[in-house]
Amino acid sequence: MKKIFLIVIMILLITGCRYTKEEQELMERYERQAEENAISYIKEKYNISSEIISSEAEVEDTDPIPNITPDPTGNVYVKMKSNNKEFYVYITGKESSVIGMDNYQYNEIVNDLLNLIQKDTNITPYNYQVIYGFEDSFKYPGLIDIYYDGTNLYNVFYFDD
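Residues numbered from 1 in each chain as written. Predicted model: local features only at pLDDT ≥ 70, side-chain atom pairs only at ≥ 80, totals over all residues. Heavy atoms only, no water.

Observations concerning helix α2 (residues 21-46)
Here α2 spans 37 Å end to end across 26 residues, near enough to the 38 Å set by a 1.5 Å rise per residue. Along α2, the residues classified as buried are Met27, Tyr30, Glu31, Ala34, Asn37, Ala38, Tyr41, Ile42, Lys45 and Tyr46. Taken together, the buried residues of α2 touch β1 (51-59), β2 (72-82), β3 (85-92) and β4 (100-102). Note on α2: the residue one or two positions beyond its end, Asn47, has a positive phi of about 60 degrees. (Helix = DSSP H or I, 4+ residues; strand = E, 2+ residues; numbered from the N terminus. Expected span 1.5 Å × (residues − 1). Buried < 20%, exposed > 50% of the residue type's maximum accessible area, 1.4 Å probe, protein only. Contact = heavy atoms within 4.5 Å.)

Okay, structure coming up:
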């Protein structure tokens, strides 16, 4: 009985726990469109050229019920490179768009925040963790849609929904 149960589980794992060909094609289509969108978005926002490193289609969060093949949301995390700097862009892959979020300026923003804290307190932070931006701030820190110009630090950390 135990052996049969294990065989059934193995068959289900091997055959039933993956995306269909159509779902894979849809996710690849989202990724291709998002890559085009991300290049245009970065060009428009920063007026710089960039290159694609990789992309990953976002899938629905199915907590608390586990789902091995959750549906794609249509949004994509695109890993990019420009000026020897790697960063992420979060953007739609459903249609052509230049509306997205990125963390291209993450290090600059964190450094300016730490300098502001040091200036105001006369204390150099020993250990710190800076979290701001869109949803998945631990995996993709600092995803924001506004342009940081060096004078609008407050706007980076405070925004209305």
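Picking up where we left off.
As for the environment of Thr151
Mapped onto the elements of the fold, Thr151 is located in the loop between α3 (106-121) and α4 (153-157). A residue is classified by how much of its surface remains accessible, and Thr151, at 66% relative accessible area, is exposed. Separated by 39 residues in the primary sequence, Thr151 and Asp112 place their C-alpha atoms 9.7 Å from one another. One polar contact links Thr151 to Asp149, side chain to side chain, over a distance of 2.6 Å. (Polar contact = N/O pair within 3.5 Å; in protein donor to acceptor, adjacent residues only side chain to side chain.)

Section: the environment of Met101
By the element assignment, Met101 lies in strand β4. Setting aside anything within four residues of it in sequence, one finds Met101 in contact with Tyr41, Tyr88, Val89, Tyr90, Phe134, Leu143, Ile144 and Asp145.

Here we look at unusual backbone geometry
Within the chain, Asn84 stands out as a residue other than glycine whose phi angle is a positive 60 degrees. For Asn84, the position within the fold is in the loop between β2 and β3. Asn84 gets classed as exposed once you look at its relative accessible area, which sits at 77%. Backbone geometry places Asn122, a non-glycine residue, at a positive phi of 60 degrees. Mapping Asn122 onto the fold places it in the loop between α3 and α4.

Focus: the sheet that holds β1
Pairing is antiparallel across the open sheet formed by 4 strands, whose spatial order is β1-β2-β3-β4. Strands at the two margins of the open sheet, each flanked by one partner only, are β1 and β4. Averaged over neighbouring strand pairs, the angle between their axes works out to 20 degrees when direction is ignored. Sheet analysis places β3 next to β4, joined by 3 bridges and oriented antiparallel. Looking across to β4, one finds that Ile91 is bridged to Gly100. Running at roughly 50 degrees to β2, α2 makes contact with β1, β2, β3 and β4 of the sheet. (Pairing = 2+ DSSP bridges. Axes fitted to C-alpha atoms, helices over the stretch in contact; angles between N-to-C directions.)

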